[in-house]
Amino acid sequence: MATLLQDVRYGVRMFFKTPGFSLIAVLTLALGIGANTAIFSVVNAVILKPLPYSEPERIVRMYGKFSQGNQAATSPPDFLDYRAQNHTFEEFAATRSGSFNLTGGVEPERILGADVTANFFQTLGIKLVQGRTFSPEEEQEGKERVAIISEALWQRRFGGDANVIGKTLSLDGQHHTIVGIAPNLGRIPDETDVWRPLTFDRPNMKIRRFHFLRAFGRLKSGVTMQQAQADVDAIAVGLEKQYPESNTSWRLRMVALRDELLGNVRTPLYVLLGAVAFVLLIACANVANLLLARAAGRQKEIAIRCALGAGRWRLTRQLLTESILLSIVGGAIGFLLALWGTEALVKLAADSVPRAGEIGMDKSVLGFTMLLSVLTGVIFGLVPAWQASRQDINESLKDGSKGTAARNMRTRGGLVVAEIALALILLVGAGLLVQSFWRLQDVDPGFNPRNVLTMRMFLPESKYAEEGRSRAFFEQVLQRVAALPGVQAVGTTTQLPMRGGGDTYFKIEGRPFQGANQQVTALNPTASHDYFRAMGIPLLKGRAFTEQETKETAKVVIINESFARTYFSDEDPLGKRLIIDDGQPLTCEIIGVARDIKQFSLASQSSPTMYMPSIETGFANLVVRTSGDPLALASAVRTAVQSVDKDQPVFSVRSMEQVLATSVAEPRFRTILLGVFAAVALGLATIGIYGVMAYTVAQRTHEIGIRMALGAGKSDVLWLVVKQGMALTIGGIVLGIGAALALTRLLSGLLFGVGADDPLTFVLIAVMLTTVALLACWIPARSATKVDPLIALRQE
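Presented here is an overview of the structure given in this document. Because the structure is a prediction, the values reported are computed rather than measured. (Residues numbered from 1 in each chain as written. Predicted model: local features only at pLDDT ≥ 70, side-chain atom pairs only at ≥ 80, totals over all residues. Heavy atoms only, no water.)

Let us now look at the pairing of strand β6 (residues 168-171). Bridge analysis of strand β2 (residues 89-103) against β6 gives 2 bridges, and the strand direction is antiparallel. By the bridge assignment for β6, Thr103 is matched with Ser170. For β6 and strand β7 (residues 174-182), the ladder comprises 4 bridges, and the chain directions are antiparallel. Among the inter-strand pairings, Leu171 is bridged to a residue of β7, identified as Gln174. Between β6 and the antiparallel strand that follows it, β7, lie 2 residues; Asp172 among them carries a positive phi value of about 50°. (Pairing = 2+ DSSP bridges. Helix = DSSP H or I, 4+ residues; strand = E, 2+ residues; numbered from the N terminus.)

Structure (structure tokens):
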């Protein structure tokens with residue numbers, strides 16, 4: 001311990017003896033360690049931190065699926081059968097997400113909610129802050145209306161009143177008694193403020209073909225997912241025999257809840273973690289080069305230590321202690337940088353990363369930073385320490401720094417090659433993502449998003465159940481908003497572009513029915529008469545709806561290009577008739593063909609869509625095309641809505657350009673971060689090349705002086721230095737291209753419109769890196785041409 005303390009004290013003295021060197025090394029390490037800490041805080045919160053449930057590894061999410069088709073929800077009758085017949089689940093629950101109008105306060109508010117089965121909280125293992133969960137009897141229609149609220153709503157709406165249990169909450173005009181308070185869970189499984197019991201007595205809950213419930217299960221202790229899957233498969237076979245019209249080829253598939261929540265973010269986060277690890281390795285290589293340069297100046301000191309009896313291990317330990325001290329100081333500064341960086345990451349990741357609200361600095365992140373600091377000190381300090389401890393004592397005492405400098409040059413050159421290779425890998429990855437993001441943003445969404453304001457409205461069933469009331473409401477809203485100054489067109493739709501939508505079964509009149517498992521579906525939004533003009537969706541054939549048709553919900557329909565191409569590829573669809581089966585079959589005539597739009601995302605294919613004319617609905621997106629800034633009219637539009645019904649809230653008030661920006665939040669997040677890391681890597685690699693070449697010129701001053709004295713011109717000297725630097729650069733580029741071709745395949749699932757081995761990206765990055773390296777070599781080479789031969793020879 002005494003020897004260790006002696007090493008530490010000497011290391012501290014060396015730290016302050018060369019403050020310039022120490023500052024550069026510490027800042028370089030702080031940059032690498034801080035970036036790794038910030039990204040680890042995201043990975044820790046999103047992937048590593050356990051879910052806030054009891055035994056979350058036993059919770060699974062259920063998906064319904066035909067043998068050939070996309071994943072879907074589950075129908076209420078199927079759910080009840082699976083819940084009653086399974087033998088492998090301790091709990092089996094369902095939920096239907098939605099939102100409610102909360103009234104009774106200063107201002108009406110739209111809050112997110114869900115109808116859930118009585119055992120929902122037990123299935124997920126959620127312990128309430130106060131109160132009780134639902135009872136099985138409350139799943140029946142006609143029972144007392146009860147609700148469980150979130151801790152956030154409790155604080156926001158009731159000020160954290162300890163006596164809130166038993167008070168009433170007005171949801172969609174109906175009073176509900178508060179029976180419990182649930183902890184804040186963020187987006188797990190959905191961001192929710194209020195839960196109500198799910199009832200199965202309503203008519204739409206009896207139809208086996210309608211799939212809209214999300215099912216969750218808690219496996220019994222010791223049961224594997226394979227055993228549970230075999231159990232539900234057996235139930236599915238029985239239901240298929242019992243209900244062939246609706247359940248032929250229908251199966252239930254399950255996925256671990258953690259995998260469900262992570263979605264597609266696991267791979268991007270691991271890619272970013274690998275990227276910052278590369279940045280740290282480049283920083284380590286730079287600091288190792290600095291230590292090798294300093295070791296050359298300390299070789300006489302080290303030789304004297306050896307001559308006085310210091311062993312190789314003793315010298316190595318002393319030098320490693322110095323490097324670890326540098327790394328610990330760099331780690332402390334890096335942690336402070338990560339505190340700032342994490343705040344920026346939370347804002348950047350809010351719309352693209354699950355559990356973003358949990359990102360922060362905790363004990364795990366602090367421990368990671370401390371461990372990383374020590375490991376970093378060992379990594380970048382080991383090679384210089386080993387090199388310094390192996391020098392020839394006699395040669396060092398006799399020739400000064402010459403011997404060590406010559407031996408170190410090969411090691412320093414190897415470190416530069418590694419830096420360039422790592423930088424090229426990051427630059428290629430960033431280049432691919434940037435090119436992918438540009439191409440994604442260049443995708444035509446099929447509508448004109450400029451100067452369009454959108455907002456959402458839900459009409460409470462208790463207040464608008466009477467036939468014609470919702471139609472009258474939207475008629476007045478459309479009239480009053482259309483009369484506002486600056487409004488060019490206004491419309492409504494149930495499915496806003498870029499926000500997804502639901503589909504409906506249909507048949508084409510005169511064509512044979514194919515069977516239950518081969519029923520075809522299409523997106524089925526409603527639209528008011530001026531919706532296409534307000535959204536900027538051109539009609540390619542036929543006509544738009546008339547105002548009278550939207551008021552009467554006429555038996556006409558407008559299809560999109562994908563629908564016409566899929567089902568009427570060799571004939572004119574105008575005048576053809578569709579039988580739309582949304583519970584009650586309705587025969588509609590096709591009167592127009594609209595341009596395809598991107599309904600789910602810019603990267604998705606356009607889906608077959610059939611627009612129905614209607615403004616009589618309980619839910620609608622209001623779309624307002626304006627002559628100027630759409631958000632400037634938001635307050636006036638809100639006032640116009642509430643002048644029709646003062647208790648009607650509007651929510652999700654955004655411009656259509658903001659909706660588009662949100663839809664690409666995830667690719668933007670990873671592209672920005674990887675681009676920043678690649679830029680940092682390029683800067684560090686450039687500094688590394690420059691440092692090595694500047695050091696080379698300083699060490700070869702005598703040689704350069706002799707060459708110039710013997711007749712070498714400035715161009716000869718310039719080429720001599722540049723050639724050495726570019727040899728290292730080319731070696732790093734060749735090595736980096738080979739590694740990049742292998743590693744960028746990890747990005748293939750994150751790219752759009754560009755391949756992981758895109759030759760243009762590789763060539764441009766290689767040229768850019770070569771140009772930057774050439775500049776970094778040219779500056780010290782130019783200094784070498786100014787060497788005065790007489791002064792150089794006299795100094796030697």
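Turn by turn, an α-helix covers 3.6 residues, leaving residues three or four places apart pointing in a common direction. Taken residue by residue, helix α3 (residues 76-85) has Pro76, Pro77, Asp78, Phe79, Asp81 and Tyr82 as its buried positions. Contacts made by the buried residues of α3 are with β2, β9 (214-219), α6 (225-242), α7 (244-247) and β10 (250-256). (Buried < 20%, exposed > 50% of the residue type's maximum accessible area, 1.4 Å probe, protein only. Contact = heavy atoms within 4.5 Å.)

Among the nonpolar cores identified, the biggest contains 73 residues, and Ile39, Val46, Phe669, Phe677 and Ile689 are the most heavily contacted of them. Leu440, Ala534, Val556 and Ile558 belong to the second largest nonpolar core, which has 28 residues in total. (Core = buried A, V, L, I, M, F, W, Y, C linked by side-chain atoms within 4.5 Å.)

With that settled, consider the packing of aromatic side chains. The full count for this structure, using the stated rule, is 19 aromatic pairs. Judged by centre distance (5.1 Å) and plane angle (70°), the ring pair of Phe89 and Phe92 falls under edge-to-face. Residue class for Phe92 comes out buried when judged on its relative accessible area of 3%. Here Phe506 and Phe563 contribute two aromatic rings whose centre-to-centre distance is 5.0 Å and whose plane-to-plane angle is 35°, an arrangement assigned as tilted. Within this pair, whereas Phe506 is found in strand β13 (residues 503-508), its partner Phe563 is found in helix α19 (residues 561-567), the two being separated by 57 residues in sequence. A relative accessible area of 0% places Phe563 in the buried class. The ring of Tyr464 has Arg469 lying over it, and the distance from NZ or CZ to the ring centre is 5.2 Å. (Phe/Tyr/Trp six-rings, centres within 6.5 Å; stacked < 30°, edge-to-face > 60°. Lys NZ or Arg CZ within 6 Å of the ring centre and 35° of its normal.)

In this fold, Thr626 is placed in strand β21 (residues 619-626). Of the polar contacts made by the side chain of Thr626, one reaches the backbone oxygen of Gly628; its length is 2.8 Å. Ignoring anything within four residues of it in the chain, the contact list for Thr626 reads Asn451, Gly486, Gln488 and Leu633. (Polar contact = N/O pair within 3.5 Å; in protein donor to acceptor, adjacent residues only side chain to side chain.)

In short, shape yes, function no, at least from these values alone.
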